[in-house]
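# Coordinate inspection notes
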Amino acid sequence: MAELTEEPRFRPVQPGTQPPHLYPDYKSTVKRAPTKPLVVIPQTLSELTGPVFGREAVGPSDHDLTAHHAGEPLGERIIVTGRVMDEDGRAVPETLIEIWQANAAGRYAHKIDQHDAPLDPNFAGCGRAMTDEQGVYRFVTIKPGAYPWKNHPNAWRPAHIHLSLFGQAFLTRLVTQMYFPGDPLLPFDPIFNSIPDERARYHLVSKFDWDTTTPMTALGFRFDIVLRGRDQTPWEK
Ligand SMILES: [Fe+2]
C-alpha cells in the first residue's frame, strides 16, 4: 500500500496539554517511561485506517453496568453521557467506548485489589457502548468511590472512571480517566496533576448535568471527549 504523500491528517499535540511520560510524583511512570527519545513513525494508511469495531460486538445492556447481575448494585446511580468529537469538533460516530471502574466502596472486582473495602456481588465495574450518528454515547452506572493506593503515604485516588477509545484509527487511540466535579481529592492527585496545562487538565472533569439527571432514578454527568487536536482529551500516562 502506497505511503500517503499529503500533509499528515492529524495535527500534532499542543505543548502542555498531555502528561509527560515521566512524572516522578506518579511513581509508576518512573519505571515505565521511555528512557530514549520516541521514534516518530510516518503516518501511512495503516495508521489512518482501522481497527474498527462493529455495533454487533456490543450487547443491548453492555452500556448499563447496573443491569449485569441478578440485583442492583449498591451506590449512587448515575448516567454518564457525552459526545465524542474529532479535532475539528465533528462527531465521531459508531466508535467503541469501553469503561472500567471501582464500585461505590472504592473496590475493583479484580484479584489485585485486596484493600479493605467490600466487593459488591452485583457490580463488576466494566461496560461498553458505541457512539451514535451524532457521536453521542451513554452509560448507566454507579458513582465509584475514592480508593487508597500506594503511590505515597496516605495516597487516595479521586473518584474516577477509566475510559478507552480507538476512534477511527490507531492515531486517535485514547486511554484516560474521567473525574467528578468538586472532588476534594483532585488537587492532591499526581495522575490528574501530571497534565501541565490547567485548562487541559479540567477537560478530564465531567460536568453535573440537569438535562441528563433523571427524576427519581439517577444523577447525570456530561463528559465530552476530543480525539486529537488542540482540545484533545488528555491521556493517562
Ligand atoms: Fe482506577
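What you see is a predicted model, and the numbers here were worked out from it, not measured in a lab.

Counting its regular elements, the protein chain contains four helices and eleven strands. Computed over C-alpha atoms, the radius of gyration of the protein chain comes to 18 Å, within 12% of the 18 Å expected from 2.2 N^0.38 for 237 residues, which places it in the range of a compact globule. Out of the 237 residues belonging to the protein chain, those deemed buried represent 45%. Working note: accessible area of the protein chain is about 13100 Å², and carbon and sulfur atoms make up 58% of it. Considering the protein chain, the positive charge centre built from 25 side chains and the negative charge centre built from 29 side chains are found 5 Å apart.

Okay, the layout of surface pockets next. Space inside the second largest pocket adds up to approximately 690 Å³. Along its surface, the second largest pocket is lined by 25 residues, and Tyr108, Ile112, Asp113, Tyr147 and Trp149 are the ones closest to its centre. Of all the elements in the fold, those that place two or more residues in the lining of the second largest pocket are helix H1 (28–32), strand S2 (96–101) and strand S5 (147–149). Looking at the lining of the second largest pocket element by element, the count peaks at three residues for S5. The class makeup of the residues in the lining of the second largest pocket is eleven nonpolar, nine polar and five charged.

We now examine the sheet that holds strand S7 (residues 160–165). Taking strand neighbours across the sheet as the criterion, the four strands line up as S3-S2-S7-S8 in an open arrangement whose pairing is antiparallel. The outermost strands of the open sheet, each flanked by one partner alone, are strand S3 (126–130) and strand S8 (174–179). Averaged over all adjacent pairs, the angle separating strand axes in this sheet is 25°, with direction ignored. Note that S2 and S7 share five bridges and pair antiparallel. Residue pairing across strands places isoleucine 99 opposite leucine 163, the latter belonging to S7.

Next up on the list: the environment of leucine 163. Topologically, leucine 163 is positioned in strand S7. We classify leucine 163 as buried; its relative accessible area is 3%. In this structure, the C-alpha to C-alpha distance between leucine 163 and arginine 77, residues 86 residues apart in sequence, is 18 Å. For leucine 163, the contacting residues outside a window of four places in its chain are Ile97, Glu98, Ile99, Trp100, Leu174, Val175, Thr176, Gln177, Met178, Phe223 and Ile225.

Turning to unusual backbone geometry, a few remarks are in order. For glutamate 94, which is not a glycine, the phi torsion comes out positive at approximately 55°. Within the fold, glutamate 94 resides in the loop between strand S1 (77–85) and S2. The exposure class of glutamate 94 is partly exposed, given its relative accessible area of 35%.

Taken together, Tyr108 (OH), Tyr147 (OH), His160 (NE2) and His162 (NE2) make up the protein donors of the iron ion, found 1.9 to 2.2 Å from the metal. As a motif over one chain, the donors of the iron ion read Y-x38-Y-x12-H-x1-H. Of the two residues, tyrosine 108 is situated in the loop between S2 and S3 and histidine 162 in strand S7; the sequence distance between them amounts to 54 residues. The same class applies to tyrosine 108 and to histidine 162, which are both buried.

We now examine the pattern of salt bridges. As enumerated under the stated definition, the model contains six salt bridges in all. With a closest N to O distance of 3.3 Å, aspartate 88 and arginine 90 form a salt bridge. Salt bridges sharing common partners tie together Asp86, Asp88 and Arg90.

What characterises a pair of aromatic rings is the spacing of the ring centres plus the angle enclosed by the ring planes. Under the criterion given, the structure shown has eight aromatic pairs. Plain terms: the ring middles of tyrosine 179 and phenylalanine 192 are 5.2 Å apart, the flat faces sit at 70° to each other, and that makes the pair edge-to-face. Taken as a pair, tyrosine 179 in strand S8 and phenylalanine 192 in helix H3 (residues 190–193) lie far apart in primary sequence, 13 residues in all. Overall, tyrosine 179 belongs to the buried group, its relative accessible area being 1%. The exposure class of phenylalanine 192 is buried, given its relative accessible area of 1%. Ring centres of phenylalanine 180 and phenylalanine 221 lie 5.1 Å apart, and the angle between their planes is 90°; on these two criteria the pair is classed as edge-to-face. With phenylalanine 180 in the loop between S8 and H3 and phenylalanine 221 in strand S10 (residues 219–222), this pair connects stretches of sequence that are 41 residues apart. Summarising the burial analysis for this pair, phenylalanine 180 and phenylalanine 221 share the class buried. Aromatic ring contacts, followed pair by pair, group Phe180, Phe208, Trp210 and Phe221 into a single cluster. We note lysine 143 situated over the ring of phenylalanine 180; from NZ or CZ to the ring centre the distance is 5.0 Å.

Conventions adopted
Residues numbered from 1 in each chain as written. Predicted model: local features only at pLDDT ≥ 70, side-chain atom pairs only at ≥ 80, totals over all residues. Heavy atoms only, no water. Helix = DSSP H or I, 4+ residues; strand = E, 2+ residues; numbered from the N terminus. Rg over C-alpha atoms; globule rule 2.2 N^0.38 Å. Buried < 20%, exposed > 50% of the residue type's maximum accessible area, 1.4 Å probe, protein only. Areas by Shrake-Rupley, 256 points an atom, 1.4 Å probe, with all protein chains shown as cover. Lys, Arg positive; Asp, Glu negative; His and termini not counted. Charge placed at Lys NZ, Arg CZ, Asp CG, Glu CD. 1 Å grid on protein atoms, 1.4 Å probe; cavity = no way out; pocket = protein on both sides within 12 Å on 5 of 7 lines; lining within 4 Å. Points joined across faces, edges and corners; volume = space filled by probe spheres on them. Nonpolar A, V, L, I, M, F, W, Y, C, P; charged D, E, K, R; others polar. Pairing = 2+ DSSP bridges. Axes fitted to C-alpha atoms, helices over the stretch in contact; angles between N-to-C directions. Contact = heavy atoms within 4.5 Å. Donors = N, O, S within 2.8 Å, 3.2 Å for Na, K, Ca; no water. Salt bridge = Lys/Arg side-chain N within 4 Å of Asp/Glu carboxyl O. Phe/Tyr/Trp six-rings, centres within 6.5 Å; stacked < 30°, edge-to-face > 60°. Lys NZ or Arg CZ within 6 Å of the ring centre and 35° of its normal.

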